[in-house]
Amino acid sequence: MHPRFLYFCCVNASIHITPSTGSRIDTVDFSNLAFGSTFSDHMFVCDYRDGQWQTPEIVPYAPMELSPAASVLHYGQAVFEGMKAFKDDEGSVWLFRPDQNAKRINKSAERLAIPQFPEALFLDGMKQLITLDKAWVKAGKGNSLYVRPFVFASQAGVQASAATEYRFMIICAPVSSYYGGEVRVKIADHYSRAPQGGTGYAKAAGNYGGQFYPTQLAKSEGYQQVIWTDAATHEYIEEAGTMNLFFRIGDTLITAPTSDSILDGVTRKSILDLATHLGLKTEVRMLRVAELIEASKSGTLLEIFGSGTAVVVQTIDGFGYKGEKFETPLPKNSFALMLKEKLMDIQYNNAEDPFHWRYKVCD
Ligand code: COI
């Protein structure tokens, strides 16, 4: 049998559920949540061994046992996804384009030589998990349940090759905003996030770990994030690591094309579709750092924002490049705020969804 076909086999696709004996929800202060640090009552777990995914389970959220020799700890074979569940005013819970995440985790997995996870089980596991923990999805714009599917090499052994055992999991964290306050970014002129032919397009754990040190340096200079440039020349803008980027120059919204070094963000492509639908002019093209600086100096750079699941849309208040600082105060008719509002209206079921992006989880 072709190995790819084997990956799609599952011993028993029906999910075995062990409910928690008591909820922790009353111990949580929902008005004071640090992003991604509080987790709901249950988690989804499915192991891969002997060439197939085993019986999937939903169990109480708890620490788990892992061999110190687990391959992921030594060679970083791990990929993840991020999505959000929203509660509308009637109490129904919705996901935003989860089919895109189901596909992308397998694209990422392929690059890391991790077996493909069945898309139907990805969606069903998530639906059943969120339904069980629906009390953790708080209503109100800005509140959501951040859903984190991930898969890692669990096989014990320090030989440097693709593992034969993996664990796929989904955990959920009630969240409000990702960043608090203003966001300023530093344009990278030395460090790189992703070379051509590398793993930049994948949501690989290592892509994030490799950013922390340069980001720490940027933070010490007063920035919150790094804007990554192409690894070969540092002349072209790519993405911000936790966000794709949009630049409004004149009345045109510019974003970089996806490539093997840029994540194909679900929010990014939704913003592009929404902007086009609203009659805004968009350009998907590489933007040179030199062009950005020129636009900032001449006054044609009107705003910069990031897009991503965690942030939705994040306005950027300024940027720095080689020691020089530039301010990008929010214009009166901000595209960022307008697009954020419209997108969130769709996500929270407050508006028509002409794109069919909403996916009902439960009532
Ligand atoms: C997301 O927006 O979901 C991300 O992956 C960013 C992050 C929190 C790592």
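Residues numbered from 1 in each chain as written. Predicted model: local features only at pLDDT ≥ 70, side-chain atom pairs only at ≥ 80, totals over all residues. Heavy atoms only, no water.

(A) How the structure looks around the site of the ligand. The local shell around the ligand consists of Phe80, Gly82, Tyr146, Tyr178, Lys203, Tyr208, Thr242, Gly308, Thr309 and Ala310. Interatomic distance of 2.5 Å between a side-chain N/O atom of Tyr146 and an oxygen atom of the ligand. In the environment of the ligand, an oxygen atom lies 2.6 Å from a nitrogen or oxygen atom belonging to the side chain of Lys203. Out of a free accessible area of 280 Å², the ligand has 90% covered by protein chains. Broken down by class, the residue content of the shell around the ligand amounts to five nonpolar, four polar and one charged. Looking at which domains feed residues into the shell around the ligand, each of domain 1 (3-176) and domain 2 (184-347) gives three or more. (Near = heavy atom within 4 Å. Polar contact = N/O pair within 3.5 Å; in protein donor to acceptor, adjacent residues only side chain to side chain. Areas by Shrake-Rupley, 256 points an atom, 1.4 Å probe, with all protein chains shown as cover. Nonpolar A, V, L, I, M, F, W, Y, C, P; charged D, E, K, R; others polar. Domains from an automatic or database assignment.)

(B) Just the side chain of Ser296, in detail. One can find Ser296 in helix H7 (residues 289-298). Here Ser296 is in contact with Leu301, Phe319 and Phe326, once residues within four sequence places are set aside. (Helix = DSSP H or I, 4+ residues; strand = E, 2+ residues; numbered from the N terminus. Contact = heavy atoms within 4.5 Å.)

(C) Representation of helix H8 (residues 335-347) within the structure. Here H8 spans 18 Å end to end across 13 residues, near enough to the 18 Å set by a 1.5 Å rise per residue. Listing the buried residues of H8 in full gives Phe335, Ala336, Leu339, Leu343, Met344, Ile346 and Gln347. Buried residues of H8, viewed axially, fall in a sector of 150°; they line one side. Capping the start of H8, Ser334 holds a side-chain oxygen 3.1 Å from the backbone nitrogen of Ala336, two or three residues further along. Asn349 sits one or two positions beyond H8 and adopts a positive phi of about 60°. (Expected span 1.5 Å × (residues − 1). Buried < 20%, exposed > 50% of the residue type's maximum accessible area, 1.4 Å probe, protein only. Arc of directions from axis to C-beta.)

(D) Up close: the nonpolar core. Counting residues in each nonpolar core, the largest one holds 53 residues, and the members touching the most others are Phe44, Phe122, Met126, Ile130 and Phe168. In terms of domain composition, this core takes at least three residues from each of domain 1 (3-176) and domain 2 (184-347). Once you skip the residues sitting within four places of it in the chain, Met126 turns out to touch Met83, Leu95, Pro98, Leu121, Val147 and Ile170. Counting residues in each nonpolar core, the second largest holds 24 residues, with Val183, Ile254, Leu292 and Val311 among its members. (Core = buried A, V, L, I, M, F, W, Y, C linked by side-chain atoms within 4.5 Å.)

(E) Summary view of the domain arrangement of the protein chain. Splitting the protein chain by domain gives domain 1 (3-176) and domain 2 (184-347). For domain 1 and domain 2, the distance between their C-alpha centres works out to 28 Å. In this assembly, 22 residues from domain 1 lie in contact with 24 residues from domain 2. Buried area between domain 1 and domain 2, both sides added, is near 2000 Å², and the carbon and sulfur share of it is 60%. For Lys141, the salt bridge identified is with Asp345, shortest N-O distance 2.6 Å. Where domain 1 packs against domain 2, one counts 13 residue pairs in polar contact (both at pLDDT 80 or more). Secondary structure elements with two or more residues in the side of domain 1 that touches domain 2: strand E5 (78-80), strand E6 (83-87), strand E7 (93-96) and helix H3 (98-111). Broken down by element, the residue count for the side of domain 1 that touches domain 2 peaks at six residues, all from H3. (Buried area = accessible area lost by both parts, 1.4 Å probe. Salt bridge = Lys/Arg side-chain N within 4 Å of Asp/Glu carboxyl O.)

(F) Quick peek at the sheet that holds strand E16 (residues 312-316). The five strands are arranged E14-E13-E12-E15-E16 in an open sheet whose pairing can be described as mixed. The sheet is open, and its two borders are formed by strand E14 (281-284) and E16, each paired with just one other strand. On average, each strand axis in the sheet is inclined to that of its neighbour by 25°, with strand direction left out of account. Looking at chain direction, strand E12 (residues 244-249) and strand E15 (residues 301-308) are connected through six bridges and run antiparallel. In the sheet register, Leu245 faces E15, and the bridge partner there is Gly306. The strands touched by H7 are E12 and E15; relative to E15, the strand with the most contacts, the crossing angle is about 130°. Most of the contacts of H8 go to E16, to which it runs at about 165°, and overall it touches E12, strand E13 (252-255), E15 and E16. (Pairing = 2+ DSSP bridges. Axes fitted to C-alpha atoms, helices over the stretch in contact; angles between N-to-C directions.)

(G) How the structure looks around unusual backbone geometry. Of note, the phi angle at Asp50 is positive, near 50°, even though the residue is not glycine. Mapped onto the secondary structure, Asp50 falls in the loop between strand E2 (42-49) and strand E3 (52-53). Of note, the phi angle at Asn349 is positive, near 60°, even though the residue is not glycine. Counting through the fold element by element, Asn349 comes out in the loop between H8 and strand E19 (358-362).

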